[in-house]
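In case you want the letters, here they are:
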Amino acid sequence: MQQFHAQRKKEPFLASVGRCTISCILALLTQYALSLVPRFFSASFLLIQLALSVVVLLLVVGFGKWCRKLLGVSASAPAFVFFNILFVWVVYFVIVRQAIPYFIDAVFNGEVAMLFIGVCSILSSDPGLVTHGSSHSDKLDEIKAFEVEVQNESSSLLKRVRYCKSCEAYVKGFDHHCPAFGNCIGQNNHVLFMVLLLGFLTTEASYVMCSFQFARDSKILGGNRFEIGLAGSLVISTMLFTLLQVLWQGGFMAWHIYCICFNIRTDEWINWRKYPEFQVIIQSQPDRSFTEMRFTNPYDKGIVQNVKEFFTVRD
């Protein structure tokens, strides 16, 4: 673990503060923009408000990219995630919880607390970093040399080592680089990632139910903009935001469960043409002059064994 932290790039303190500040501003801007949807389209169906929220989020993302490209300022994705969670929790604590029974309130606050702990844990987790060579191992010639070594190595330790361009490091069992958590997802923290993803789903689903109960008891659903007020707008907009997150993360989790069942990594599925072990060449028939490359998975040992291997304690 100490070696992992030593190899990660250390950002200057002032730069980190600046990026976190920008993330906080963007999170507040996102939530404010979303609050305009129920404010001005309160009489619309919830499905229409959900679609408008998607448009608003895309516009905010586009604005963030524009600021980064034109002004040279960038935010921290993990900090953006953190501040959005914090904003939703503040809305719940100040407004929504008054309509929620004590037991459910305690459960939801416990879920949020565990979510913060999980985010902090995966930020500092070692995905399975593989050290190689000197401190200049990021040079192109050494990278290529090590990639050849990995492809030719029969050891189970090295045969699924992949290079992450974002972290500029080799990771065992590399699945993908997760910008939202600012870390690679690999052999050592893949289980933690799935548990955290499940935590997000349950917490956000809980908030959707709590906010819906508040909106129903307060009779603000379907009311006009003057009836719902600022508090009502925030409750409905955060409910729309978390509902979108549930839909997105639910699909993402279903994809990862599929990958676990067939013992495949996201990077390997997308970039299988880069890795010879996932390629099988179909020779052409005598009367045809072409060959075809198809995908094959040499690591698939059956669903039961694949799942068992995934949950095996990693070194």
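Basis of the calculations
Residues numbered from 1 in each chain as written. Predicted model: local features only at pLDDT ≥ 70, side-chain atom pairs only at ≥ 80, totals over all residues. Heavy atoms only, no water. UniProt positions renumbered as here; feature names shortened; annotations may be inferred. 1 Å grid on protein atoms, 1.4 Å probe; cavity = no way out; pocket = protein on both sides within 12 Å on 5 of 7 lines; lining within 4 Å. Points joined across faces, edges and corners; volume = space filled by probe spheres on them. Helix = DSSP H or I, 4+ residues; strand = E, 2+ residues; numbered from the N terminus. Nonpolar A, V, L, I, M, F, W, Y, C, P; charged D, E, K, R; others polar. Domains from an automatic or database assignment. Contact = heavy atoms within 4.5 Å. Phe/Tyr/Trp six-rings, centres within 6.5 Å; stacked < 30°, edge-to-face > 60°. Lys NZ or Arg CZ within 6 Å of the ring centre and 35° of its normal. Patch = residues over 30% accessible without salt bridge, like charges linked within 9 Å, V, L, I, M, F, W, Y side chains within 5 Å. Areas by Shrake-Rupley, 256 points an atom, 1.4 Å probe, with all protein chains shown as cover. Salt bridge = Lys/Arg side-chain N within 4 Å of Asp/Glu carboxyl O. Pairing = 2+ DSSP bridges.

- The name recorded for the chain in an unreviewed UniProt entry is S-acyltransferase, from Manihot esculenta.
- The annotation that UniProt attaches to the chain under Catalytic activity (unreviewed entry) is "L-cysteinyl-[protein] + hexadecanoyl-CoA = S-hexadecanoyl-L-cysteinyl-[protein] + CoA".
- Taken verbatim from the UniProt record of the chain, the Subcellular location (unreviewed entry) comment is "Endomembrane system".

## Re empty space enclosed by the protein
- What the rule picks out here adds up to one cavity of 30 Å³ or more.
- Its volume calculated, the largest cavity comes out at about 60 Å³.
- Residue lining of the largest cavity: ten residues in total, with Ile 260, Asn 263, Arg 265, Asn 306 and Phe 310 positioned closest to the centre.
- Of all the secondary structure elements, the ones that give two or more residues to the lining of the largest cavity are α8 (225-261) and α10 (303-310).
- No other element matches α10, which puts three residues into the lining of the largest cavity.
- Of the residues contributing to the lining of the largest cavity, the split by class is four nonpolar, three polar and three charged.
- Two domains each provide a minimum of three residues to the lining of the largest cavity, namely domain 1 (13-127 + 186-264) and domain 2 (270-311).

## Details of the environment of Thr 296
- Note that Thr 296 resides in the loop between β7 (292-295) and α10.
- As for Thr 296 and Gln 279, which are separated by 17 residues in sequence, their C-alpha atoms are 5.8 Å apart.
- Setting aside anything within four residues of it in sequence, one finds Thr 296 in contact with Glu 277, Phe 278, Gln 279 and Val 280.

## A look at the packing of aromatic side chains
- For the structure shown, the criterion picks out 20 aromatic pairs.
- A ring pair is formed by Trp 255 and Tyr 258, whose centres lie 6.0 Å apart and whose planes are at 25°; its orientation type is stacked. On the criterion of helical spacing, the pair formed by Trp 255 and Tyr 258 is a turn pair, its members being three residues apart in helix α8.
- Feature note: the residues Trp 255, Tyr 258, Phe 262, Trp 269, Trp 272, Tyr 275, Phe 278, Phe 295 and Tyr 299 constitute an aromatic cluster, connected by ring pairs.
- The cationic tip of Arg 162 hangs over the ring face of Tyr 275; the distance from NZ or CZ to the ring centre is 3.8 Å.

## Comments concerning a nonpolar patch on the surface
- Side chains of Leu 29, Tyr 32, Leu 36, Phe 40, Phe 41, Phe 63, Trp 66 and Leu 70 sit close together on the surface and give an oily, nonpolar patch of about 810 Å² of accessible area.
- Mapped by element, the contributors of at least two residues to the nonpolar patch are α2 (13-40) and α3 (46-70).
- Of all the elements, α2 adds the most residues to the nonpolar patch, at four residues.
- Tracing the backbone shows Leu 29 in helix α2.

## With respect to the sheet that holds strand β3 (residues 169-172)
- The three strands are arranged β1-β3-β2 in an open sheet whose pairing can be described as antiparallel. Each having just a single partner strand, β1 (129-130) and β2 (161-164) make up the two edges of the open sheet.
- Pairing of β1 with β3 involves two bridges; the strand directions are antiparallel. Bridge pairing in β3 places Val 130 opposite Tyr 170.

## Topic: the UniProt feature "transmembrane region" (unreviewed entry) in the chain
- Here the UniProt feature "transmembrane region" (unreviewed entry) sits at residues 12-34, 40-63, 70-96, 191-214 and 226-248.
- The span residues 40-63 is 79% helix and 0% strand, and its two end C-alpha atoms sit 21 Å from each other.
- Its end C-alpha atoms 35 Å apart, residues 191-214 is made of 100% helix and 0% strand.

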